[in-house]
Amino acid sequence: MSSPSLTLVLGGTGKTGRRVVRQLTGRGHEVRIGSRSGGIPFDWNDATTWRPALDGVDAVYVSYQPDLAVPGAPEAIGAFAELAVRTGAHRLVLLSGRGEPEAEACEKALAASGAEWTVLRASFFAQNFSEGEFLAPIIDGSLALPVGDVEEPFIDADDIAEVAATVLAEGGHTGRTYDLTGPRLLTFAQATAAIGAATGREIGYVTVPADAYAAELAAHGVPADVTELLTYLFTNVLDGRNAHLGDGVRQVLGRPARDFTDHAAEAAATGVWTPEATS
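## Quick look at the sheet that holds strand β2 (residues 30–34)
Here is step 1: Pairing in this open sheet of six strands is parallel, and the strands run β2-β1-β3-β4-β5-β8 from one edge to the other. In this open sheet, the two strands that pair with only one neighbour each are β2 and β8 (176–180). Between one strand and the next, the sheet's axes are offset by a mean angle of 15°, whatever the strand orientation.
Here is step 2: One ladder, built from four bridges, connects strand β3 (residues 59–62) with strand β4 (residues 91–97); its direction is parallel. Its bridge partner lying in β4, Val62 is registered against Leu94.
Here is step 3: Sheet contacts for helix α1 (residues 17–26): β1 (6–10), β2 and β3; angle to β1, the most-contacted strand, approximately 165°.
Here is step 4: Along the sheet, helix α6 (residues 157–170) makes contact with β1, β3, β4, β5 (116–122) and β8, crossing β4 at roughly 160°.

Written as C-alpha cells, this is what we have:
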C-alpha cells in the first residue's frame, strides 16, 4: 500500500496532534493541520468546515474535542468518517480511550463508515502533568485530585504520536486496535513523587472528594460542562478498570514504551515545573 500524499491531523495544535504533525513532516509527508485557527478551519461543532478540510486528503488522524465521552461524540465521529470516505480519505486513525463505553461507541461508528480504520486506545497522558491542568498545582507544590491509590500506566504523548504517524504513513494496520500504555503502573501519588525527584522539590499529592474537586474547579472559573466531564473521568474511568498494561507501542514500533520517569526528567530539564516558570 502506498503512503498517503496528504494527511489531515485533527487537533493538530494539541498534545498529541502537534506531535503527530512533527512526526509526519519529519518523514517528508505533507500535512494539513485541522483546527479552528488553521489555514482551512476545522471545527467539530460546525459540520460545514469538514468538507473543505478534507479536500485532497488521503488519511486522517482523528482526535475529538473536547472528549469522546461527551454526548453526541459517536454521531459526530460517524458522520465525519462517512464524509471522509466519500471524499477519498479512506485511512482513518482514531485516538481513543481505555475502558470508556462512550469511546467504544465512537470506535464502532468509525468502523461502520467503511474506512480503513485503526484505533489507538491510549492511557492517561504523562504530559497532563507538564502541559495540562495539573501544571499550575504542581508548580505550587501540591496536586489534589479525586483519585486514590488507583494505578495507571501513564503513556508518553510522544509515543502516541510516533505510533499514529507510523500507522498513517505505512498502512497495513487496517482493522487493528492498539492498546497504548506506559511500561508500568503508577498511582498519581507515585507519579507526583517522580516529578518531585526529577525537580528536586517537595511536591505533595492529596486525594480529595469529588464534590470538593468540582467546587474548586468552579471557584477557578472552569465551565460547568468541563467540570462535569473531568469529574466523570476521574471518578469513573480512573476506578481501577485500566490498571493493566498494553503492548501497542511495541507492536507498532518494535520497542518498549517510554517510562514516566523519562518524561519527568526531560520535562524537569526544561524548567516547566519550577515556580519561576510562571512568575
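## Topic: the layout of surface pockets
Here is step 1: Considered as a void within the structure, the second largest pocket measures approximately 390 Å³ in volume.
Here is step 2: Along the wall of the second largest pocket there are 17 residues; nearest its centre are Glu133, Pro137, Tyr213, Glu216 and Leu217.
Here is step 3: Among the secondary structure elements, those contributing two or more residues to the lining of the second largest pocket are α5 (135–140), β6 (142–145) and α8 (210–219).
Here is step 4: Its residues assigned to classes, the lining of the second largest pocket shows twelve nonpolar, two polar and three charged.

## Describing the nonpolar core
Here is step 1: Core analysis: the largest hydrophobic core is formed by 35 residues, its most contacted members being Trp44, Val60, Val62, Ile77 and Phe80.
Here is step 2: Counting residues per element, the ones that place at least two in this core are β1, α2 (50–54), β3, α3 (73–86), β4, α4 (101–112), β5 and α9 (224–237).
Here is step 3: In this structure, Phe129, Ile138, Ala191 and Phe260 belong to the second largest nonpolar core, which totals 29 residues.

## What to know about the environment of Pro275
Here is step 1: With respect to the element layout, Pro275 can be found in the segment after α11 (260–270).
Here is step 2: Residue class for Pro275 comes out partly exposed when judged on its relative accessible area of 38%.
Here is step 3: As for Pro275 and Val167, which are separated by 108 residues in sequence, their C-alpha atoms are 39 Å apart.
Here is step 4: Those residues within four positions of Pro275 in sequence are excluded, and the remaining contacts are Ile139 and Arg201.

## Structural notes on the side chain of Ser63
Here is step 1: Positionally, Ser63 belongs in the loop between β3 and α3.
Here is step 2: For Ser63, a relative accessible area of 7% corresponds to the buried category.
Here is step 3: Discounting residues that sit within four places of it in the chain, Ser63 has contacts with Leu10, Trp44 and Leu95.

## A short note on the pairing of β1
Here is step 1: For β1, a buried count of five out of five residues is recorded, marking the element as mostly surrounded by other parts of the structure.
Here is step 2: On β1, burial covers both faces: Leu6, Leu8 and Leu10 on one face and Thr7 and Val9 on the other are all buried.
Here is step 3: Pairing geometry for β1 and β2, over five bridges, is parallel. In the sheet register, Val9 faces β2, and the bridge partner there is Ile33.
Here is step 4: Since β1 and β2 lie parallel, the crossover through α1 that links them has a hand, and here it is right-handed.
Here is step 5: Sheet topology note: the β1/β3 ladder contains three bridges and is parallel. Looking at β3, one finds that Val9 is bridged to Tyr61.

## Description of the pattern of salt bridges
Here is step 1: Enumeration over the complete set of coordinates arrives at 14 salt bridges.
Here is step 2: A salt bridge links Arg19 to Glu131; the shortest N-O distance between them is 2.6 Å. Of this pair, Arg19 sits in helix α1 while Glu131 is found in the loop between β5 and α5, placing the two residues 112 residues apart along the sequence.
Here is step 3: Arg19 is paired through a salt bridge with Asp158; the nearest N and O atoms lie 2.8 Å apart. You can see Arg19 sitting in helix α1 and its partner Asp158 sitting in helix α6, a full 139 residues away along the chain.
Here is step 4: Residue class for Asp158 comes out partly exposed when judged on its relative accessible area of 22%.
Here is step 5: The network of salt bridges with common partners includes Arg18, Arg19, Arg22, Glu131, Asp156, Asp158, Arg258 and Glu266.

Criteria and cut-off values
- Residues numbered from 1 in each chain as written.
- Predicted model: local features only at pLDDT ≥ 70, side-chain atom pairs only at ≥ 80, totals over all residues.
- Heavy atoms only, no water.
- Pairing = 2+ DSSP bridges.
- Helix = DSSP H or I, 4+ residues; strand = E, 2+ residues; numbered from the N terminus.
- Axes fitted to C-alpha atoms, helices over the stretch in contact; angles between N-to-C directions.
- Contact = heavy atoms within 4.5 Å.
- 1 Å grid on protein atoms, 1.4 Å probe; cavity = no way out; pocket = protein on both sides within 12 Å on 5 of 7 lines; lining within 4 Å.
- Points joined across faces, edges and corners; volume = space filled by probe spheres on them.
- Nonpolar A, V, L, I, M, F, W, Y, C, P; charged D, E, K, R; others polar.
- Core = buried A, V, L, I, M, F, W, Y, C linked by side-chain atoms within 4.5 Å.
- Buried < 20%, exposed > 50% of the residue type's maximum accessible area, 1.4 Å probe, protein only.
- Right-handed = clockwise from strand over helix to strand, strands pointing away.
- Salt bridge = Lys/Arg side-chain N within 4 Å of Asp/Glu carboxyl O.

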